[in-house]
Every structure is written in C-alpha cells, then in structure tokens.
Amino acid sequence: MSTPPPPLPLVEDLIREVLLRLPPDDPACLPRASLACKAWRRILTDARFLRRYCEHHRAPPMLGFLRNTDGRGDFSYTHVARFVPTSSFRPAVATCRGLYAIAARHGRVLLHTDPYAGPPSLVVWDPVTDEQCAVPPLPEAAQSQVCFNAVVLCAAAGCDHLDCHGGPFAVAYVGLPDQERSTFACLYSSEAGEWGEPAMLEEAAATSVKSPGVLVGNAVYFTCIHQVTPRIVEYDMGRGELSVIDLPSTHRCQPGAVLTVTEDGKLGFAGLHRLSLYLWSREAGPDGAVAWTQRRVIQLDKMLLHFHLGSVPVWHVPSLIGFADGTGVVFVKTETGRVFSVELESGRYQKISFPRFYNGDPGQEPIIIPYMSFYTPDRGKGRSLHCPEEA
C-alpha cells in the first residue's frame, strides 16, 4: 500500500481568518491557541491582528462583574469589592479589601476606600493588566461628602473604546458636600494629573454609589434624590454644567430602576412596575423639546414561569440590579436570589450562573457592576481558566 501524501500546510492568511473567529466571550480560547505552536503564538501576540480581532467582534464581552460585600463571610466588617467571573477569565487579584466598586467602563474599574477607615479616596484598577492608579485627593470643597457618585472613562483622543488599557483616563465626580444645599461636580484628568474647575448646582441632588451612572456622549448621568423626589442629575463634562432631569411620570415613585444607554446612543431608563419592565428613552420631539418616550414593555411573568419559579404575587416585584453598557442588557434578581439577563431590544432573557446573593439588609438591593473587556495574550496579567501554562 502506498502511503498517503501529507496534508497540505495551512496558508497563514487562512489561519488568521480562523483565529479571528474564536469567541471573545471565552477568553481562554486565545491563550490556549497561542500555545499550539510558535507560528500561532506569533499571530496571536501581533498588535495588528489583535486590533483586527477587536474590530471584528466590535462589542467587548462581559468577563465578569464587581460585587460589593461587607466582608461578613470572612469574619470582618470591612468593605470588600469582589470580581465574580462569568467567563473563563480570572484576574490576578479578585478581592480588593477595604475598597468599594463604584463603576466599570472602558476596561477599568473605579473603587473608593472604606469611608469608615478614614477620608475616602478613589482608585482606578484594570483587572486585565492588574494596574492600579490612585487618584489624587478631591478638591477641598468635596472633602466632606454626605453622598456622592462617580464614573471612570477613557480619555484617549479618537479612541473607539474597543481595547482600552493603559491609556489616559478621566474620573467624573458628583457629590453633595456636608452641611451644604448645593451639588458639587468636577472632572479628574490622568494626563493633567489634577482635578479641573468645579461645577455647582445651587440645589441638593443626593446621589448614591449604589446606583451606577451611565455615559452618554459628553455627559454622565446618575439617579438622585432632588427635593425629596427621585430624579436624574446630569453632569455635562464639556460645558462643566450640572442640571436635573425628571424621571418618566409613571416611575417617579416606583423603586427598582436603572439608567441605560439605548442602541442609538440616547439616555435610557428601565423601570419596574409589578411584573413588567418598562423601557424609556430621552427623545427630541418635532419642536426640538426633549422628553421621555416609552419604547417598549417586557413582561417578566413569562420569564419567571418559563424557569418554573411558580406563580409570583404582584407585590413580590423582581429587582433591577445592573446594566451592561455596550450590550443593552439589564440584570434582574428574583426574590429567590436567581439572576437573569434581559436584552432590552429583543426582550430575550436567560438565566445567569451567578452566585446567590446575600441580602444582609432587606432595604438595600445588591448591585452588580458588569466588567466588559477583551482579554488578549499580549497584555493580560490575569489568567484564563484551564490554561495553567500561561504566564
């Protein structure tokens, strides 16, 4: 018998096309593939290929989420920010003691120190590269805050935010100083290394780190309590101005809501009423006036029945506990601690394998902060599950 000829070698361009289609929501794929041979590793560590990989998949995947606890499970009462993976990615350090996660955006996480351990300060952390950067102290006018909120964002000029790691960043801060009836906002630039000029609103808008903000264009938005009524505070970073926006009328007295960003880049709002999820967006009318427009209603009772959770009384309303910017997904927690993701545009939902939530304070719902980023072998300091050989 004649020996069959050896298989033809794969053309490198074809290999690139195959590797380009490895799923980004399973970060272990790229490091595992890079271990196959030197040629594959050369491709998978090439900056141009990795740039093309991000552009091909467009939206960074959700690698995990940040969850804050009071450390009771570890016999302490120090605030603890934990990275809970929802993929094969594992950061080099998954637990940040004495820190509380506020926001995650553009590959970075914003944390603040335990206010009970001293004056609070801000820290920016990149779970992929494991780089941390301490933000300088806030201006004197913001040193004693009754309540505050903040976001972190990429500040690189012209960046499309597909693979933000290591570049300049900014922190937008909104707070209500102690013994004051005016709201304070300011912007930190890592390039300048200092806080900019403050913006003031001569009204009290009390924000909370338990309600993550959203970024729309050049403005950040947080839910707040303004004159005893739930509203939204807007901080326009370009103009350095603060203003207050009313919520949709049907949700001004309804608990359980999150701010969102619509697919066309507008400010959105997701609110619960009984077992229905109402979706709104800020739209400009024919006369140019901007107002809330109801986009759709998603019935959650079908979702609960689909997963055999039984009949749910209307007073046992599920809770909205997070929004994944860039994917248009909100996270819903049921009374039993199960968590579901709901796609806002399609209404599709699925059960998520999150750990059960501890409800230490029945008046405070746990908030999760999704972490979105590509994980590539060229810069990752974390590790991928099932890939122990990775450095």
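What this report covers is the structure whose coordinates are included nearby. (Residues numbered from 1 in each chain as written. Predicted model: local features only at pLDDT ≥ 70, side-chain atom pairs only at ≥ 80, totals over all residues. Heavy atoms only, no water.)

1. Thoughts on the sheet that holds strand 24 (residues 329-333)
Test applied: What makes two strands pair is DSSP finding at least two bridges between them. Counting from the N terminus, the helices are DSSP H or I runs at least four residues long and the strands are E runs at least two residues long. Fitted lines through C-alpha atoms give the axes, limited to the stretch in contact for helices. The angle between two N-to-C directions lies from 0 to 180 degrees.
The four strands are arranged 23-24-25-26 in an open sheet whose pairing can be described as antiparallel. The sheet terminates laterally at strand 23 (319-324) and strand 26 (349-352), the two strands that pair on one side only. Going across the sheet, the axis of each strand differs from the next one's by a mean of 30°, ignoring polarity. Here strand 24 pairs with strand 25 (residues 339-343) via five bridges, running antiparallel. When the bridges of strand 25 are listed, phenylalanine 331 appears paired with serine 341.

2. Topic: helix 1 (residues 12-20)
Rules: Relative accessibility decides the category of a residue: with a 1.4 Å probe and only protein chains considered, values under 20% of the type maximum give buried, values over 50% give exposed, and everything between is partly exposed. Directions are taken from the helix axis to each C-beta atom, and the arc is the one they span. Throughout, a contact is declared for two residues whenever any of their heavy atoms are within 4.5 Å.
The complete set of buried residues in helix 1 reads Ile15, Leu19 and Leu20. Buried residues along helix 1 cover an arc of 135° about the axis, so they all sit on one side. Away from its buried face by more than 90 degrees, helix 1 exposes Asp13 and Val18. Buried residues along helix 1 sit in contact with helix 2 (29-34), helix 3 (38-44) and helix 4 (47-57).

3. Some thoughts on the environment of glutamate 55
Let me state the cut-off plainly: Within 3.5 Å is the distance limit for a polar contact, defined as a pair of N or O atoms, with the added protein rule that one can donate a hydrogen and the other accept it, and that residues adjacent in sequence qualify only through two side-chain atoms.
Examined against the element boundaries, glutamate 55 turns out to sit in helix 4. Given the relative accessible area of 38%, glutamate 55 is considered partly exposed. As for glutamate 55 and aspartate 163, which are separated by 108 residues in sequence, their C-alpha atoms are 9.3 Å apart. In terms of polar contacts, glutamate 55 uses its side chain to reach the side chain of arginine 51, at 3.0 Å.

4. Topic: the nonpolar core
The line we're drawing: As used in this record, nonpolar core signifies buried Ala, Val, Leu, Ile, Met, Phe, Trp, Tyr and Cys residues forming a set joined through side-chain atoms within 4.5 Å.
By size, the foremost hydrophobic cluster in this structure holds 30 residues, and its most contacted members are Val214, Tyr221, Leu277, Leu320 and Val330. Top contributing element to this core by residue count: strand 20 (residues 267-273), with four residues. Not counting the four nearest positions on each side in its chain, tyrosine 221 is found in contact with Gly213, Val214, Val216, Ile232, Val233, Glu234, Ile245, Leu259 and Leu267. Counting residues in each nonpolar core, the second largest holds 19 residues, with Leu138, Ala150, Val152 and Val209 among its members.

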